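# Survey of secondary and tertiary structure
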Amino acid sequence: MTGSSVPPPIELDNALRGELSAGERLIWSAQPIASRLVGGFGIWLFAIPWTLFALFWESAAFLPWASSSHTPDTMKWSFGIVFPIFGLPFILIGLWMLWKPIKAMRLTRSTVYGLTNRRIIRLVAARKREVASVLLDQIGPMMRSEAPDGSGHLRIQTHSRIDGDGDRITERFEVLGVPDVARLERLILENQPG
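Read on for a plain summary of the structure.

What counts, and at which threshold
- Residues numbered from 1 in each chain as written.
- Predicted model: local features only at pLDDT ≥ 70, side-chain atom pairs only at ≥ 80, totals over all residues.
- Heavy atoms only, no water.
- Buried < 20%, exposed > 50% of the residue type's maximum accessible area, 1.4 Å probe, protein only.
- Helix = DSSP H or I, 4+ residues; strand = E, 2+ residues; numbered from the N terminus.
- Arc of directions from axis to C-beta.
- Contact = heavy atoms within 4.5 Å.
- Pairing = 2+ DSSP bridges.
- Axes fitted to C-alpha atoms, helices over the stretch in contact; angles between N-to-C directions.
- Core = buried A, V, L, I, M, F, W, Y, C linked by side-chain atoms within 4.5 Å.

## Observations regarding helix 1 (residues 10-18)
Taken together, the buried positions of helix 1 are Leu12, Asp13, Ala15 and Leu16. Buried residues of helix 1, seen end-on, are gathered within an arc of 160 degrees and therefore sit on one face of the element. Among the exposed residues of helix 1, those pointing more than 90 degrees away from its buried face are Ile10, Glu11 and Gly18.

See the structure below:
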């Protein structure tokens, strides 16, 4: 998929426009690209062998229980309990890695970003609607990371504060995996209040 911008589906566009206040106009909108959120489906090149090996380990760990009565009971209990318990976290990690790209793809279908003349908005219209926004006059330094196709992330510093331990906490608004991220950055700079 290239970094060129494709308009969001009509239902997400309508939901985004429904968030605008009087006098606010939409300048830019886009959906994130799933492959930019998790590095694509390349994670499966690692996750599939990992999960298969973990499943093989788990099945081999149950062999003492299935073997003939020649195996001493102490070996059945030690290998039959400890090794399967040891293998379970590896199976769960493998299943999590397999699920991650699917979850990202599902999230991108229900997420849209918008830039108006007043603020930048992130709308997630999944089971429940989540809306986050930052006013343009609250935007601080921005960091852009861009792929060769022009898609990428824009991390916007909104403010920083000192926590109870004296550590500086920087809060950011993140626009992740959008096409033509440099254009978005330019539009934000052009529309910031002077």
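## Quick notes on the side chain of glutamate 58
The topology assignment puts glutamate 58 in helix 3 (residues 44-61). Residue classification places glutamate 58 among the buried positions, given a relative accessible area of 9%. For glutamate 58, the residues in contact, after removing those within four places along its chain, are Phe83, Pro84, Gly87, Leu88 and Ile91.

## Focus on the sheet that holds strand 4 (residues 129-135)
Ordered by their spatial adjacency, four strands build an open sheet running 1-2-3-4, and the pairing between neighbours is antiparallel. On the outer flanks of this sheet lie strand 1 (26-30) and strand 4, each paired with one strand and no other. Neighbour to neighbour, the strand axes of the sheet diverge by 15 degrees on average, direction disregarded. With five bridges connecting them, strand 2 (residues 111-116) and strand 3 (residues 119-125) associate as antiparallel partners. Among the inter-strand pairings, glycine 114 is bridged to a residue of strand 3, identified as isoleucine 121.

## Examining the pairing of strand 7 (residues 168-178)
Taken together, the nine bridges between strand 6 (residues 152-162) and strand 7 define a ladder with antiparallel strand orientation. Across the sheet, residue glycine 152 finds its bridge partner in strand 7, namely valine 178. Two successive antiparallel strands, strand 6 and strand 7, enclose a turn made up of five residues, where glycine 166 displays a positive phi of approximately 90 degrees.

## Considerations on the nonpolar core
By size, the foremost hydrophobic cluster in this structure holds 17 residues, and its most contacted members are Trp28, Leu115, Ile120, Ile156, Val175, Leu184 and Ile188. Those elements that provide at least two residues to this core are strand 1, strand 2, strand 6, strand 7 and helix 6 (181-191). Here this core takes four residues from helix 6, the largest share from any one element. Filtering out sequence-adjacent residues up to four positions away, leucine 184 remains in contact with Trp28, Leu115, Ile120, Leu154, Val175 and Val178.

## A short note on the environment of valine 134
When you line up the elements, valine 134 lands in strand 4. Between the C-alpha atoms of valine 134 and arginine 118, which are 16 residues apart in sequence, the distance is 8.7 Å. Beyond its immediate stretch of four places on either side in the chain, valine 134 contacts Arg118, Arg119, Ile120, Ile139, Thr158 and Phe173.

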